[in-house]
Structure formats: structure tokens, C-alpha cells
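# An overview of the molecular structure
Residues per chain are reported as follows:
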Amino acid sequence: MTSARHTSPYTAPEEKNPPSSIEAKRRAAVTRSLLAWYAAQRRPLPWRATRDPYCIWVSEVMLQQTQVATVIGYYERWLRRFPDVAALAGADTEDVLRAWEGLGYYSRARNLQRAAQHVVERHGGQLPVSVAELLELPGIGRYSAGAIASIAFAADEPAIDGNIVRVLTRLFGLRGDPKRAPLAARLWELARELLPKGRAGEFNQALMELGATVCTPRAPACAGCPVREHCRALAEDRVLEYPEASPRPTITHEQRALAVVRRQRRVLVVRAPADAARWAGMWQFPDVRVASDADPSAVLEASVERATGVRISAGARLLGVRHQVTRFRIDIDVFACEALGGRARAIEYAEVRWHDPDALGALPMPAAHRRIAKSLVQT
Ligand code: SF4
């Protein structure tokens, strides 16, 4: 699929002047146009009104895999609750996970807190300035390190996220898989070459902003783009062919059975161990993966007794919940279960409790389990 045809004054470098000279001029013009456009058009987002490295770090972590509109409320609540590195480092991890609930990808929250503890212990509570030291913090990769160093500390460092990949591959007509060599390395090089000295933070944000608001994946607004006259993809009328798609990860289907076990007015909940592969440290209803040819009630009864010490009888299926997480599609059959006996103990979980269903809101829970918890209160 190609974009609607536009005329563009862009000409390939080989046509008139030596490539190096015309290319250097073109890059300088791209940088100038982007900075001017960003100064006039940038959205007034809360993390743009501060130079506090902690606030910028929190915003960058939240913005990974989450839309700006969703992040704003979380960001403001988070800073009220954990206003600085020391507050986050010393907080109860359950409170941290509860404040993150709904943003998904909970390893981001756990890593934020671990990194805050590291900053308190080894850097006196001040976020380190260099990319090399930032990269040592849990959860901070090359993009986040570059974004924090350039925005908070005015370092001349590039930062490449999905938006910037889209803008650069279109602007410079770069073919190949942007997640793999050689294009991945070329993009970092190019982003560094384009940086205006002393204004890297602004420039990185200008590229991100262009990708988020103008050079969007499916409907780029090329007619209003500040760098349209330099854009190779537009000149070729092949805008939607960039960036080339990486192979899609295979989605694995997982069928699970989940027990809502009631005893008097309470319900059985469990907390996943801190090193669990999924939803570590969060509260859940006990559940188990079920093979397609197995009897879910029998598997569930055996699993709950083995993991919690509580003997149950699985009754009617209450509801089904579908949940998509990274490359898994999880279908959960929820069963109403009766407790037959046995003392609740944390055998395979970090903690096991009989809990008032009306008070589950105080515990951090993954989205699928939160939906089930809400359905218990409504019924
Ligand atoms: Fe993106 Fe279109 Fe601007 Fe090129 S002209 S950078 S494709 S919005």
C-alpha cells in the first residue's frame, strides 16, 4: 500500500551536488525545521514542564507501551504518592504495584522501585548523569537512558523509540528490519549525526512528537509535515511501506481454570512469588493451566489443594475471561468452588489469605483478576 500521491521538491543527492555536501545541508535543514516546529506545536504535557530527572524517568517508563492520554493521570497520581526517588525506594512494593495497576507490564513498576533503591544506595538518591551508569539501573535500556540523559541532563545523546524509527525510516527511505542489524545500528548512528549540539533533549522530543502526532503509522498528515520537502518516502510515494514490518511474534494460546473459593463471607486469594514469570508479587485467585483434553474441574481441585492446602469442590462455571498479554492469549474459565477443609498455607505462593471481597480493591491485581474480583462484588 502506498500513500496518496504528493509532489515534493526533494531530489536525490546524486542528482546535482556531491552527496556529502547536499546530504549535510539536508540534515541541517531537517534539524532546524523540526526544532522550529516543536517549539511552536508541542503538546503541553506535564513531564515537559519539569527538568526533575526523577519525573522525566517516571514518565519515560510509563510511556513505554502506554498511550500519552492514559499516562497523564497515572503520572500525576504517582508523583503525589511517590514524590521522589527516596519515597519510591522506601515504599511498600504492594503500594507500588497498586499505583501501577491498569498500566500493565508490571515488571516496569518493580524495576522502577528496584532502580530507585539502587540510586539511593549507590548514588546518594541522585539519578546518575551518564548513559553508561543509567544503563546499569534495572528497567533502563538504551532508549530510556538516552531520553533521560538528553532531556534531564542536556547530554548530546540520541534516543530511538518506535515513533522515531518510523520518522527516520520514512524521511531517509531506509529499508530493512529496524529491529535487526544492519538497520538498527544505522538508525542510532543517524540519530546521533542529526543531533544539534546542546539541544539533544529538545530534538529527541521533536522527533517523538512528530511520530506521535503527524507521521503516524497508518494516516500520516504529510501535507502539514514540517519536513515534507526533505522526505524521501513521500517523494517516492511509498510512505506506508516504511518502516518494514518485523516478523510478528507467534501468539500462544493458554487455557486456564480459576477457582473462586468462598468460605463464609470470604474468598481465597493468593500472592504470586516475587520471582514468578507472570504477575510477580500481585494478588490473584488461584488458577492453573489446563491441557485441552483434561477435565478443568479435576485439574483445578488438585492444583488448589497442592498450592494452598485447601481442599475444594469445583462447581458451576461462573464466567469466562479473555486476556492478551505480550505473546499470550489467555482464556480463563472461572469456577465457583466450595471449601471442603484444610488450612490455607502459602505452599506454592508467597502468601494466601481469606479476604473480604469488598476489600479486594486495596490489593494490587492484574487486569484479568481485577475483572473477576469486580464481578464478585456486583453479584
Ligand atoms: Fe512522515 Fe509524511 Fe513527514 Fe515524511 S512527509 S516525515 S512520511 S509525515
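Residues numbered from 1 in each chain as written. Predicted model: local features only at pLDDT ≥ 70, side-chain atom pairs only at ≥ 80, totals over all residues. Heavy atoms only, no water.

So, on to the packing of aromatic side chains. Within the structure shown, the criterion is met by four aromatic pairs. On the basis of an interplanar angle of 75° and a centroid distance of 5.2 Å, the ring pair of Trp47 and Tyr75 is categorised as edge-to-face. With a gap of 28 residues between them, Trp47 in the loop between α1 (19-41) and α2 (53-63) and Tyr75 in helix α3 (residues 68-81) connect regions that are remote in the sequence. Overall, the relative accessible area of 3% leaves Tyr75 in the buried class. Taking the centre distance of 5.5 Å and the plane angle of 80° together, the rings of Trp78 and Trp100 count as edge-to-face. Residue Trp78 is found in helix α3, and its partner Trp100 is found in helix α5 (residues 93-100); the two are separated by 22 residues along the sequence. (Phe/Tyr/Trp six-rings, centres within 6.5 Å; stacked < 30°, edge-to-face > 60°. Helix = DSSP H or I, 4+ residues; strand = E, 2+ residues; numbered from the N terminus. Buried < 20%, exposed > 50% of the residue type's maximum accessible area, 1.4 Å probe, protein only.)

Next up on the list: the packing of α2 against helix α6 (residues 107-123). The interhelical angle for the contact between α2 and α6, taken along N-to-C directions, is 155°, at an axis separation of 10 Å. Relative to α6, the element α2 is oriented roughly antiparallel. Crossing angle aside, the handedness with which α2 passes α6 is right-handed. Here Trp57, Val61 and Met62 of α2 lie close against α6, whose contacting residues are Arg108, Leu112, Ala115 and Ala116. Its residues assigned to classes, the contact of α2 with α6 comprises six nonpolar, no polar and one charged. (Axes fitted to C-alpha atoms, helices over the stretch in contact; angles between N-to-C directions. Parallel < 35°, antiparallel > 145°, perpendicular 65-115°, else oblique. Left-handed = near helix turned anticlockwise from the far one by under 90°. Contact = heavy atoms within 4.5 Å. Nonpolar A, V, L, I, M, F, W, Y, C, P; charged D, E, K, R; others polar.)

Attention now moves to the site of the ligand. Arg170, Val214, Cys215, Cys222, Cys225, Arg228, Cys231, Leu234 and Val239 make up every residue found near the ligand. Split into classes, the residues belonging to the shell around the ligand amount to seven nonpolar, no polar and two charged. (Near = heavy atom within 4 Å.)

For strand β1 (residues 252-263) and strand β6 (residues 328-341), the ladder comprises eleven bridges, and the chain directions are parallel. Bridge pairing in β6 places Arg256 opposite Ile332. Pairing analysis gives three bridges linking β1 to strand β4 (residues 287-289), with the strands arranged antiparallel. If you follow Ala257 over to β4, its bridge partner there is Val288. With two bridges joining them, β1 and strand β2 (residues 266-271) adopt antiparallel strand pairing. Looking at β2, one finds that Arg263 is bridged to Arg266. (Pairing = 2+ DSSP bridges.)

The subject of this paragraph is helix α8 (residues 142-153). The first and last C-alpha atoms of α8 sit 16 Å apart over twelve residues, in line with the 16 Å expected at 1.5 Å per residue. Across the twelve residues that make up α8, a large majority, ten, are buried. Where α8 is concerned, the buried positions are Tyr143, Ser144, Ala145, Gly146, Ala147, Ile148, Ala149, Ser150, Ile151 and Ala152. Packed against the buried residues of α8 are α2, α7 (131-134), α10 (183-194) and α11 (200-213). (Expected span 1.5 Å × (residues − 1).)

Counting buried positions along helix α9 (residues 162-171) gives eight out of ten residues, so the element sits mostly inside the fold. Turning to α9, its buried residues are Ile164, Val165, Arg166, Val167, Leu168, Thr169, Arg170 and Leu171. Capping the start of α9 is the job of one residue whose side-chain oxygen sits 3.2 Å from the backbone nitrogen of Asn163: Asp161. Backbone geometry just after α9 places Gly173 at a positive phi near 60°. (Polar contact = N/O pair within 3.5 Å; in protein donor to acceptor, adjacent residues only side chain to side chain.)

This part takes up the environment of Tyr242. With respect to the element layout, Tyr242 can be found in the loop between α12 (232-236) and β1. What makes Tyr242 buried here is its relative accessible area of 2%. For the pair Tyr242 and Leu258, spaced 16 residues apart in sequence, the C-alpha to C-alpha distance is 43 Å. When near neighbours in sequence (up to four residues on either side) are disregarded, Tyr242 contacts Thr169, Arg170, Gly173, Leu174, Arg175, Ala233 and Glu236.

Domain boundaries assigned for the protein chain yield domain 1 (21-241) and domain 2 (252-378). For domain 1 versus domain 2, the separation of C-alpha centres amounts to 37 Å. Opposite the seven residues of domain 1 that make contact, domain 2 presents 15 residues. Here domain 1 meets domain 2 over a buried area of about 850 Å², counting both sides, of which 52% is carbon and sulfur. For Glu94, the salt bridge is made with Arg271, and the minimal N-O distance between the two is 3.6 Å. At the junction of domain 1 and domain 2, the tally comes to five residue pairs in polar contact (both at pLDDT 80 or more). Residues belonging to the side of domain 1 that touches domain 2 are distributed by class as follows: three nonpolar, no polar and four charged. (Domains from an automatic or database assignment. Buried area = accessible area lost by both parts, 1.4 Å probe. Salt bridge = Lys/Arg side-chain N within 4 Å of Asp/Glu carboxyl O.)

Before going further, it helps to examine unusual backbone geometry. The step from Ala181 to Pro182 runs through a cis peptide bond, and the omega angle for that step is 0°. As for its position among the elements, Pro182 is in the loop between α9 and α10. With a phi close to 70°, Gln65 is a non-glycine residue in the positive phi region. For Gln65, the position within the fold is in the loop between α2 and α3. Gln65 gets classed as exposed once you look at its relative accessible area, which sits at 56%. One non-glycine residue with positive phi stands out, namely Asp237, at about 55°.

Another aspect to go through is the packing of α5 against α6. Here α5 crosses α6 at 135°, and the two axes come no closer than 9 Å. Relative to α6, the element α5 is oriented oblique. As α5 runs across α6, the sense of the crossing is right-handed. For the pair formed by α5 and α6, the contact residues are Thr93, Val96, Leu97 and Trp100 on the first element and Arg108, Ala109, Arg110, Leu112 and Gln113 on the second.

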